[in-house]
Structure formats: C-alpha cells, structure tokens
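Coordinate analysis (summary)
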Amino acid sequence: MKLKACIVFLFISTFVFSQERITQDMMRRYAEKAQKYLDKEKALSAYYSIDTSGIKIFSSLESKLKNKPEFFIGWAQLGDYKNKLRYEPEAAFKMYKLGKYQLPEEDHLPMPKLKLSQQNEIVDYITVPQRKDLRGLKIAIDPGHIASDFETGDLEKKHLKFKQDVVRGIPDSIEIAEGMLTYATAVLLKQKLEAEGAQVMLTRPSGTSAFGKTYKEWKKDDLKKAVDSLFKMGELKPSQKNYFLSAKADDRDIFRVIFRDLDLAKRAELVNAYQPDLTIIIHFNVDETNTNWEHPTKRDFNMTFVGGAFMKNDLSSPEKRFEFLRLMITDDLERSIALSSCMIGSFEKILEVPTAGDLDAKYLSEGCLGTGKKGVYCRNLQLTRYVHTPLVYGETLYQDNIKESQLLNKESDKTKNIRVQQVAEAYFLGVLNYFTIQQ
Ligand SMILES: [Zn+2]
C-alpha cells in the first residue's frame, strides 16, 4: 500500500510540477512578447498583468491597483479564446467587453481547433504546407489612399510635383499621385495571384474610398451622419461639429480629421469580413527629410510595417486594448513578421533599392520597434492594429527620389509603368516565398 501511495504521490507531484512549468513558460513568453513587440515606451505595464492565473487587461492604473481587470483570460481557456479570435472575432470582442471568456454552451457547434502546440505556445516557426500554387488561398489587397486624379491627390496630400529643372537633373516636369501607383500595383498583383489560383479582394475600386464613393460623393451623402456620430461619441467638440457642418469647412480639414480614419476603418472592416489568409497593404514612400517635396532627393529605401509598438496613450479605449491583447496572444504578429521579411527580401532584389535601417528615418527610431528582421518594424497604424490577419504594410521606394520620380512619372495608365510592374512582381514573389520557403 505504501509503495502504491508513493507512486500516486510521485505521479501527482510530477503532473503538478510539469503544469507549473508550462504556466511559467507561457508567462515568460507572453511577457517577453509584450516587451519586445508591443510596448514601445515601456509605459504600458499599468494596462496588463501576466501571472499564474492568466492574463488580465486593465483600463487604467487605478483599476490595476484595485485588481479590477477589464478582461481576464485564464491559461486553461486561452486556446479556446484564440480560436474565437480567429474564427469569430466579433464574438471575441463581445466577450472582451463582458469581462471574461465564457465557455461555449453544450449545443454550440465546435469551432475548428488549433493544434495543441498553437494553443499554448507562441509559434516561433511558421509551418505552412508546401503548395505548388496558391489554390485555396484568400488574399486581401489594400491599395493605399484614393486618388485617381491630381486634385484628389492634393486633397489627401499625396501628390508630388516637380517643376522642370535641368540643373537638378529633372529634364521634364513630374506629377505623381500615390493613390494611382498603389491601385495600379494592386491590380497587377491581383492578376498574378489569381493566375496562381488565389482568390483576391481589393478594398477599394479605382478613384474611390473603401465606401465605394469618391470623397465628394461621401461628403454629400455621409458627412453630416459621420460628424453627428463622432460628436455623440465625444470625439468632436461642439465647436468642431459646427465647423465641419458649416459651408466654410475646408475639404482638406474634413478629409484629414473626419474622412481618412473612417475610410481606414472601413478598409479593416472589409478585410476582416473577407477573412483572408493574409493581407497586403500597398504604399509608396517619400523621404521625410525632403521639406515640402518640391525638389528630388537622393535617398531611396524600402521598409515594411506590422502591428505592435503601442505608445503610452495608445490604449485609451476597450477596442484598442482588445487589439493589444489579440496581438499578444495570437500568432498574427509572428506570421506578419515572417511575411514582411519575405517581402523585404523580394523588394530589395527586384527593385534594387536598399532596405531601411533604424536610423534611416526618424519615425523608425521614434515610432517603431525593430522585430529582429531587417526592414520589418512594429508600428501601431490603424490598419496594422485593426486588420485581424497576418499582414504586410509595404512602403516601397521613395517617390521623390531623383531616379524613381522620373520612372514613376511615365505612362498615364500606371499599370503600364515599368517601375509599378516591378513593384507588383516584388510583392508577388514575396507571397510565393512566404508560402514555399516557410516549411
Ligand atoms: Zn501612403
């Protein structure tokens, strides 16, 4: 009997010990992940805690001191909640607002389960089955900005204009709107991906916002509704509300303060509803040190962004804290880093443009966290925060570079522009690399 009791004791203590070790391991991994990728200024410890019971999210330091979390997820429920985030994100957010994860009811249809390794661990190595083509994959593409004409490019301040200046090496005047380049790249990339069997969705048609309307149409139909609702939510002061609804409201102000964020929110909503395997957000960069972009620069870099790098004022709402938690516990971020790393390699090779380092732009050192992968930075942008899939936010080349500006200026139909075609090819090869190299 004594021997039997001893064996049972040994078995239980070994089990308890190994459970404890798993919990300690998870605590360490998530705490490290938060520090490495999410907390840019090391100023967010008031908003979360990771201990032997699980992960807690707090709305303020005061609630943390009172140990009153806004949301709590225990280690045992973490795998199920991650499934919820992946397959029913809206339900996951509802639960977040209720304060804790609730176990599914008996008659609830079971959701597809993640592998055990994915439930309890942060995935370090991305395993994707080898594919000969892209059949069965869904890919969302977001062509940045909206302009298909220079007037709209002006409105969104994404319009580059150089006068002819032979002395500075500009033999002809140059005019580029970023929205035209991103859209043409997206169309070319869509064709390439579809030819390999992927299903592809673009977040906007040519020349319009994600609402399927031009800025002018949106202003006529939806501005009043938008201003009223932002005012009700406390996002606008009474004086701002009056200004934006008055005839003297400047279109650039309406665009910058009201329209832009709503358009970005709509893009994220469309992508999330589509539930793609990955999302590609396309932008073309400029040299931030080139004042007013009136003359060309010699600098030229590629870079990519993924989610993370929250600043101290970036967790001001439950929505933002929910996204912080999602990035912490799912492997969206790890997959985004892997995808973006494939892209950056492809950008450098195909475009023959160097990859930016931490000191090549102020926003990289001041607003981002490095990921350990060259040219891939955590940055808390509206789309890197709200898009719930692995993603790459690409910023290829500097449009105001002396050579690039002349290349990009060619062809009024930008799908015929050789440089744009190269950018589309670089994204395409990046996608193929992601799905084939990551074994
Ligand atoms: Zn852009």
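Keep in mind that this is a model prediction, so the values were computed, not measured. (Residues numbered from 1 in each chain as written. Predicted model: local features only at pLDDT ≥ 70, side-chain atom pairs only at ≥ 80, totals over all residues. Heavy atoms only, no water.)

The subject of this paragraph is the sheet that holds strand β9 (residues 303-306). The seven strands lie next to each other as β7-β4-β8-β12-β9-β11-β10, forming an open sheet whose pairing is mixed. Each edge of the open sheet is held by one strand with a lone partner, namely β7 (199-202) and β10 (369-370). When strand β4 (residues 138-143) meets β7, the two strands line up parallel, connected through four bridges. Opposite Ala-140, over in β7, you have Met-201 as the bridge partner. Strand contacts of helix α7 (residues 178-195): β4, β7 and β8 (278-285), with the helix running at about 145° to β8, the strand carrying the most contacts. Most of the contacts of helix α10 (residues 251-274) go to β4, to which it runs at about 170°, and overall it touches β4, β7 and β8. (Pairing = 2+ DSSP bridges. Helix = DSSP H or I, 4+ residues; strand = E, 2+ residues; numbered from the N terminus. Contact = heavy atoms within 4.5 Å. Axes fitted to C-alpha atoms, helices over the stretch in contact; angles between N-to-C directions.)

As a further point, take the pairing of β8. Counting buried positions along β8 yields eight of eight residues, so the element is predominantly enclosed. Taking every second residue as pointing to the same face, both faces of β8 are buried, with Leu-278, Ile-280, Ile-282 and Phe-284 on one and Thr-279, Ile-281, His-283 and Asn-285 on the other. Pairing between β4 and β8: five bridges, direction parallel. Paired with Ile-141 across the two strands is Ile-280, which belongs to β8. Examined bridge by bridge, β8 and strand β12 (residues 391-398) share seven bridges and lie parallel to one another. Across the sheet, Thr-279 pairs through a bridge with Leu-391, a residue of β12. (Buried < 20%, exposed > 50% of the residue type's maximum accessible area, 1.4 Å probe, protein only.)

Spatially, the three strands line up as an open sheet ordered β1-β2-β3, and their pairing is antiparallel. Strand pairing shows two members of the sheet lacking a second neighbour, β1 (48-50) and β3 (71-74), which therefore form its edges. Averaged over neighbouring strand pairs, the angle between their axes works out to 10° when direction is ignored. Both strand β2 (residues 54-57) and β3 contribute to a ladder of four bridges, which runs antiparallel. The residue bridging Gly-54 from the neighbouring strand is Gly-74, located in β3.

Attention now goes to the packing of aromatic side chains. According to the stated counting rule, one finds 21 aromatic pairs in the structure shown. Ring geometry for Tyr-30 versus Trp-75: centroids 5.9 Å apart, planes at 20°, classification stacked. Here Tyr-30, found in helix α1 (residues 2-38), pairs with Trp-75, found in the loop between β3 and α3 (78-87); they are 45 residues apart in sequence, far enough to count as distant. Like Tyr-30, the residue Trp-75 is buried in the burial classification. (Phe/Tyr/Trp six-rings, centres within 6.5 Å; stacked < 30°, edge-to-face > 60°.)

Here we take up the coordination of the zinc ion. At this site the zinc ion is bound by His-145 (NE2), Glu-178 (OE) and His-283 (ND1), with donor distances of 2.1 to 2.2 Å. Linear spacing of the donor residues for the zinc ion on their chain is H-x32-E-x104-H. Linking His-145 in the loop between β4 and α6 (150-155) with Glu-178 in helix α7, this pair joins segments that are 33 residues apart in sequence. Of the two residues examined, His-145 and Glu-178, each falls in the buried class. (Donors = N, O, S within 2.8 Å, 3.2 Å for Na, K, Ca; no water.)

So, on to the pairing of β2. Bridging between β1 and β2 involves three bridges; their strand directions are antiparallel. Paired with Ile-50 across the bridge in β2 is Ile-55. Connecting β1 to the antiparallel partner β2 that follows it, the hairpin turn spans three residues.

With that settled, the discussion passes to the side chain of Asp-142. Its location among the elements puts Asp-142 in strand β4. Its relative accessible area of 2% is what places Asp-142 among the buried residues. Residues contacting Asp-142, with those up to four places away along its chain left out, are Thr-203, Arg-267, Ile-280, Ile-281, Ile-282 and Leu-383.

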